[in-house]
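Here's the letter readout for the chains.
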Amino acid sequence: MHPYQQTDILNPIINFFLQKGVPFDTFILILMLPIIATFIAFLRQVVGIKAFGIYTPLIITFAFLATNGIKYGIAIFLTVILAGMIMRFILKPFRLLYLPRVAIMLTIVAIFLLGILALGGNFRRTGLASVSIFPILIMITIVEKFVAVQIEKGDRIAIILAIETLFISICGYFIASSLWMIKTITLFPWIILFTLPINIFLGKWTGLRLSEYFRFKEIFKHL
Amino acid sequence: MILRFIKKIFLYKKARHQILGMNSRNLDFIRPFNLKKAKEIADNKLLSKKILRENGLAVPNLIGRIRSREELENFNWQSLPEGFALKPNRGFGGEGILVVYGKKKDLDNVWIKADGSLITVNSLKNHINNILDGSFSLSGTPDIAFFEERLKLLKLFKPYCYKGIPDIRIIVFNKVPTMAMLRLPTKLSNGKANLQQGAIGVGIDMSSGITTTALWGKKKIIEYIPETRLLLSGIKIPCWNDILSLAIRAQEISNMGFLGADIAIDENNGPMIIELNARPGLSIQIANLSGLKERLKKVSGLKIKTVSRGIRVGADLFGGEIEEELEEISGKKVISTVEKVKLIGKDGKEIEVEAKIDTGAYSSSLDIELANKLGYKTEIEKFQKFDFSCYEIKPENEQKIKNFFEKQYKSNLSDIKNIAVIFSASGSSIRPVIKINFEMNKELIISKINIINRKSLKYPLIIGKRDLKKFLIDVNK
């Protein structure tokens, strides 16, 4: 039972869904999605943090939420990226076609992850081994995104974007798991409608991104 | 502290209006001006090549193309020339491009790459397979590979480049070239002229085609080619106006309102369009130390009818930075080899003439006809009656002649203060010197000009070194 599920001031909207048999956690997580998505859009348009698009950081945020404890989530994420990097160097001289190459990557990453899980068990980190399978599968598949960026934009950019993705996902995790946020959504579920005007504003905003103030700093002296 | 902070905020506000950011580029310029149809042309290299060629613009020749595995198997490798460039049709950022410089003589189907390493037909096939698979295409969709003639590096650029060919990126908006940048391949970029991959971008002054500031990679401002003493500013791009007109024509033809045209110069065939870009990068602003947004705003709304008008507007609006900069640093004005001069004669009489700037002469000299018109007729006629025949005009006699003039004749004259004894290959002469003031490039020069018959010469006035102390001369102007 969730702590907020028992408050007597439950919003009628929530009540309706609960009575239809929708689990409370599912309800909250689904409503969390537009908030995290808006947060990612804000970081992209106003701050200038790119990450791997909107889908990857979003899905990783939820993968983090689904693992028991964010540290295990981060450990799995880093393992995937590290394996992806190492494999890139190993596979480079073979000059393989794209899909087979990604398939090999996925194989190796999967083996790597099994190793990490076993290692966790060895050190009595049972939390790691008991992470449910879906977040693990989700994180394995981000290796494709990583490889695609490696090919398109090079290793350096791929690593930067991976770090940005990790950063956004960690922020997203803390937003989505903050008690204040859960409480707010429980009490006023309609609040997520506010993401619409916010996103319309973001979609029309043509100002400089925060990162661009740094990028173009040199020009400032000459304005 | 607080004051500095407020100052900074004002600066940021200003920057917002002048610098083009990603958001504004996409929403204000690409979306409304680069319609889907036009973007499709730009993203499809073979199509844009075809359309540009049909309209009479220079593009590198197409040697052959491979659309499928089948065509790859049946491809006649002997049909390839010694050097060529292999490109993916929908590639971007210079990815997937392979340049071959020559054929290995004693081996069959082996070529030599830019770095001197060899590439066999099997590796080529593999690369083409990757292209067909879409490894280098924008959305990862299956692609076409094509062979193109390899451009010859211009001698001028040779010392500045590592392996590949430099190109010139020109942003054209509303038929006006708004900003330009020379992109030089480096060791870091592995011979590719792409800033993201570590090439050098050098800003170009729009009116003169001379390079200004250099940017290495995404952020670093440099002065010299790394590890050398080769200065990056002050390189004069050849065929500058042809390049600009190519870029403007490309915009007209592709119908792309906001275009980044990439133009390379071939040693034999001159400027050629190598690529059209519907989403030009923003680093060009750093290389020019100037905001693109402000420039685009200035250009929008203008009605430009012809290509040459577009070039002129671009030069007028966005050129001349070099001159201004030089004038600022040196406090001197930049003039060309021929300048308009306003002569101020007796009683304030003014005559405007074209003068030749001659750094080979020490003093300025003026045609006798003009001097007469300026009101010195009676004096000059008096002078012409003087007799100097007692001295031979030779360098060793110069002082004696001058002394003789002082003693014998000077007291009769009011305007002629002195004489000049000129020794030259075409004949030596004794000329009267008159104090005449003139105005050039808004500077008043107090000068002593010698008078001689220049009737058969192109310019009635030459300005010599003594009167050029306030100026710098640009022979390209």
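Residues numbered from 1 in each chain as written. Chains lettered and ligands numbered in written order. Predicted model: local features only at pLDDT ≥ 70, side-chain atom pairs only at ≥ 80, totals over all residues. Heavy atoms only, no water.

Here we look at the overall build of chain B
Convention followed: Each helix is a run of DSSP H or I of at least 4 residues and each strand a run of E of at least 2, with the numbering of both proceeding from the N terminus. Computation of the radius of gyration draws on C-alpha atoms, with the globule rule given as 2.2 Å multiplied by the number of residues to the power 0.38. For every accessible area listed, the method is Shrake-Rupley and the probe measures 1.4 Å; residues are considered covered only by the protein chains on display.
The helix and strand inventory of chain B stands at 13 helices and 22 strands. In summary, chain B has a C-alpha radius of gyration of 31 Å against a globular reference of 23 Å for 477 residues, an excess of more than 25%. Each principal axis of the C-alpha atoms in chain B carries an extent, and together these give about 100 × 70 × 45 Å. Surface accessibility of chain B: about 23,700 Å² in total, with carbon and sulfur atoms responsible for 50%.

Brief notes about the interface of chain A and chain B
Rules: Throughout, a contact is declared for two residues whenever any of their heavy atoms are within 4.5 Å. Buried surface area refers to the total accessible area, computed with a probe of radius 1.4 Å, that the two partners give up upon joining, counted for both partners together. Salt bridges are counted wherever a side-chain nitrogen of Lys or Arg sits within 4 Å of a carboxyl oxygen of Asp or Glu. Each residue is assigned to one of three groups, with Ala, Val, Leu, Ile, Met, Phe, Trp, Tyr, Cys and Pro labelled nonpolar, Asp, Glu, Lys and Arg labelled charged, and all others, Gly among them, labelled polar.
Counting residues at the interface gives 24 residues for chain A and 35 residues for chain B. For the pair chain A and chain B, the two sides together bury roughly 2,900 Å², of which 60% comes from carbon and sulfur. Of all residues in chain A, the largest losses of buried area upon contact with chain B belong to Thr206, Arg215 and Leu223 of chain A, amounting jointly to 24% of the total for that side. At the boundary of chain A and chain B, one finds zero salt bridges. Those elements giving two or more residues to the side of chain A that touches chain B turn out to be α7 (133-153), α10 (195-204), α11 (210-215) and α12 (217-220) of chain A. Counting residues per element, the side of chain A that touches chain B draws most heavily on α11 of chain A, which supplies four residues. Each residue belonging to the side of chain A that touches chain B can be placed in one class, and the counts come to twelve nonpolar, five polar and seven charged.

Thoughts on the confidence of the model for chain A
Spelled out, the test is: A residue's pLDDT is the predictor's confidence in that residue, given on a scale from 0 to 100.
Chain-level statistics for chain A give a pLDDT mean of 86 and a share of 95% at 70 or above. When pLDDT is averaged over each element of chain A, α10 of chain A comes out on top at 95 and helix α6 (residues 126-129) of chain A at the bottom at 71.

A short note on the sheet that holds strand β2 (residues 84-88) of chain B
Residue and element names in this part refer to chain B. Inclusion rule: We treat two strands as partners when DSSP finds at least two bridges between them. Note on geometry: axes are lines fitted to C-alpha atoms, helical ones only across the stretch in contact, with angles between N-to-C directions running from 0 to 180 degrees.
Taken in spatial order, the six strands line up as β1-β6-β2-β3-β4-β5 in an open sheet, and their pairing is antiparallel. The sheet terminates laterally at β1 (62-66) and β5 (118-120), the two strands that pair on one side only. Within the sheet, the average angular offset between the axes of one strand and its neighbour, ignoring direction, is 35°. Pairing of β2 with strand β6 (residues 145-149), which is carried by five bridges, proceeds in the antiparallel orientation. The partner of Leu86 across the bridge, within β6, is Phe147.

Side note on the side chain of Ser429 of chain B
All names here are of chain B. Heads up, the condition is: Exposure categories follow from relative accessible area, calculated using a 1.4 Å probe and restricted to protein chains: below 20% of the type maximum is buried, above 50% is exposed, and the middle band is partly exposed. Two N or O atoms form a polar contact when they lie within 3.5 Å of each other; inside protein one atom must be a possible hydrogen donor and the other a possible acceptor, and for residues adjacent in sequence the pair counts only when both atoms belong to side chains.
With respect to the secondary-structure elements, Ser429 resides in strand β19 (residues 429-440). When its relative accessible area of 14% is taken as the criterion, Ser429 is described as buried. Engagement of the side chain of Ser429 in a polar contact is seen with the side chain of Arg431, the distance being 3.1 Å.

A few points about empty space enclosed by the protein
Residues and elements named next belong to chain B. Stated formally: Using only the protein atoms, space was sampled on a 1 Å grid; points where a 1.4 Å probe fits but cannot get out form cavities, open sets with protein on both sides within 12 Å along at least five of seven lines form pockets, and lining residues are those with an atom within 4 Å of a point. Grid points are joined across faces, edges and corners, and a volume is the space filled by probe spheres set on the points. An automatic or database domain assignment supplies the start and end points of every domain.
Taken as a whole and assessed by the stated rule, the structure comprises two cavities of 30 Å³ or more. There is about 110 Å³ of room inside the largest cavity. Residue lining of the largest cavity: 14 residues in total, with Lys45, Ser48, Lys49, Ile274 and Glu275 positioned closest to the centre. Secondary structure elements with two or more residues in the lining of the largest cavity: α4 (45-54), β6 and β13 (270-277). Tallied by class, the residues present in the lining of the largest cavity amount to eight nonpolar, one polar and five charged. Split by domain, the residues of the lining of the largest cavity number at least three in each of domain 1 (2-56 + 153-324) and domain 2 (62-149). A volume near 40 Å³ is recorded for the second largest cavity.

Observations regarding the pattern of salt bridges
Residue and element names in this part refer to chain B. Evaluated as defined, the whole model comprises 18 salt bridges over all chains. Note that Asp167 is salt-bridged to Arg183, the shortest N-O span being 2.8 Å. You can see Asp167 sitting in strand β7 (residues 167-173) and its partner Arg183 sitting in strand β8 (residues 176-184), a full 16 residues away along the chain. Comparing Asp167 with Arg183, the two get one shared label, buried. Put simply, Asp167, Arg169, Arg183 and Asp262 are held in one network by salt bridges that share partners.

Observations regarding the state of the cysteines
Formally: Note on terminology: disulfide denotes any pair of cysteine sulfur atoms within 2.5 Å.
For the coordinates displayed, the defined rule picks out zero disulfides over all chains. Here Cys161 of chain B stays free of any disulfide, with the sulfur of Cys239 of chain B as its closest cysteine sulfur at 15 Å.

Let's talk about helix α5 (residues 98-122) of chain A
All names here are of chain A. Rule in force here: Every helix has an expected span of 1.5 Å times one less than the residues it contains.
Between the first and last C-alpha of α5 there are 36 Å, a value that for 25 residues agrees with the 36 Å anticipated at 1.5 Å per step. For α5, the full list of buried residues reads Tyr98, Arg101, Val102, Met105, Val109, Leu113, Leu117 and Gly120. A positive phi of about 60° marks Arg124, the residue just after α5.

Side note on the packing of aromatic side chains
Residues and elements named next belong to chain B. Heads up, the rule is: For Phe, Tyr and Trp, rings pair up if their centres lie within 6.5 Å, where Trp contributes its six-membered ring, and each pair is then called stacked (planes under 30 degrees apart), edge-to-face (over 60) or tilted (otherwise). For a Lys NZ or an Arg CZ to count as sitting over a ring, it must be within 6 Å of the ring centre and within 35 degrees of the ring normal.
Counting across every chain of the model gives 21 aromatic pairs over all chains. Between the aromatic rings of Phe33 and Phe173, the centroid separation amounts to 5.0 Å while the plane-to-plane angle is 85°, which identifies the pairing as edge-to-face. Placement of the pair is Phe33 in helix α2 (residues 22-33) and Phe173 in strand β7, with a sequence separation of 140 residues. Judged by its relative accessible area of 34%, Phe33 is partly exposed. Assessed through its relative accessible area of 2%, Phe173 is described here as buried. An angle of 25° between the planes, with centres 5.2 Å apart, marks the rings of Phe75 and Phe147 as stacked. Residue Phe75 is found in the loop between α5 (69-73) and β2, and its partner Phe147 is found in strand β6; the two are separated by 72 residues along the sequence. Accessibility assignment for this pair places Phe75 and Phe147 in one class, buried. Counting every residue linked through ring pairs, the aromatic cluster contains Phe75, Trp77, Phe84, Trp111 and Phe147. In this arrangement the basic side chain of Arg150 is found over the ring face of Tyr101, its NZ or CZ atom lying 4.2 Å from the centre. A cation over an aromatic ring shows up here: Arg229 above the ring of Tyr224, its NZ or CZ 4.3 Å from the ring centre.

Comments concerning the sheet that holds β8 of chain B
Pairing between sheet strands relies on hydrogen bonds along the backbone, with the strands arranged either parallel or antiparallel. Residue and element names in this part refer to chain B. The strand order across the open sheet built from seven strands is β11-β10-β9-β8-β7-β12-β13, with neighbouring strands paired in antiparallel fashion. Of all the strands in the sheet, the pair left with one neighbour each is β11 (220-222) and β13. Pairs of neighbouring strands in the sheet enclose a mean axial angle of 30°, with direction left out of account. With seven bridges joining them, β7 and β8 adopt antiparallel strand pairing.

Re the environment of Arg295 of chain B
Residue and element names in this part refer to chain B. Here Arg295 shows up in helix α9 (residues 292-299). Given the relative accessible area of 6%, Arg295 is considered buried. Each C-alpha atom of the pair Arg295 and Pro395 lies 59 Å from the other, and the pair is 100 residues apart in sequence. Within the structure, the side chain of Arg295 is placed 2.7 Å from the backbone oxygen of Thr178, a separation counted as a polar contact.

Side note on the packing of helix α2 (residues 24-47) of chain A against helix α8 (residues 155-177) of chain A
Residue and element names in this part refer to chain A. Note the cut-off: An angle counts as roughly parallel when it lies under 35 degrees, as roughly antiparallel when it exceeds 145, as roughly perpendicular when it falls between 65 and 115, and as oblique in every other case. Working rule for handedness: look at the near helix, and if it is turned counterclockwise from the far one by less than a right angle, call the crossing left-handed; if clockwise, right-handed.
The geometry of α2 relative to α8 is characterised by a closest axis approach of 10 Å and an angle of 140° between their N-to-C directions. When the axis of α2 is compared with that of α8, the two are oblique. Of the two elements, α2 crosses α8, and the hand of that crossing is right-handed. Of the residues in α8, those in contact with Met32, Ile35, Ile36, Phe39, Ile40 and Leu43 of α2 are Ile168, Cys171, Gly172, Ile175 and Ala176.

Considerations on the domain arrangement of chain B
Under the domain assignment, chain B is made up of domain 1 (2-56 + 153-324), domain 2 (62-149) and domain 3 (333-473). Here domain 1 of chain B and domain 3 of chain B have C-alpha centroids that lie 48 Å from each other.

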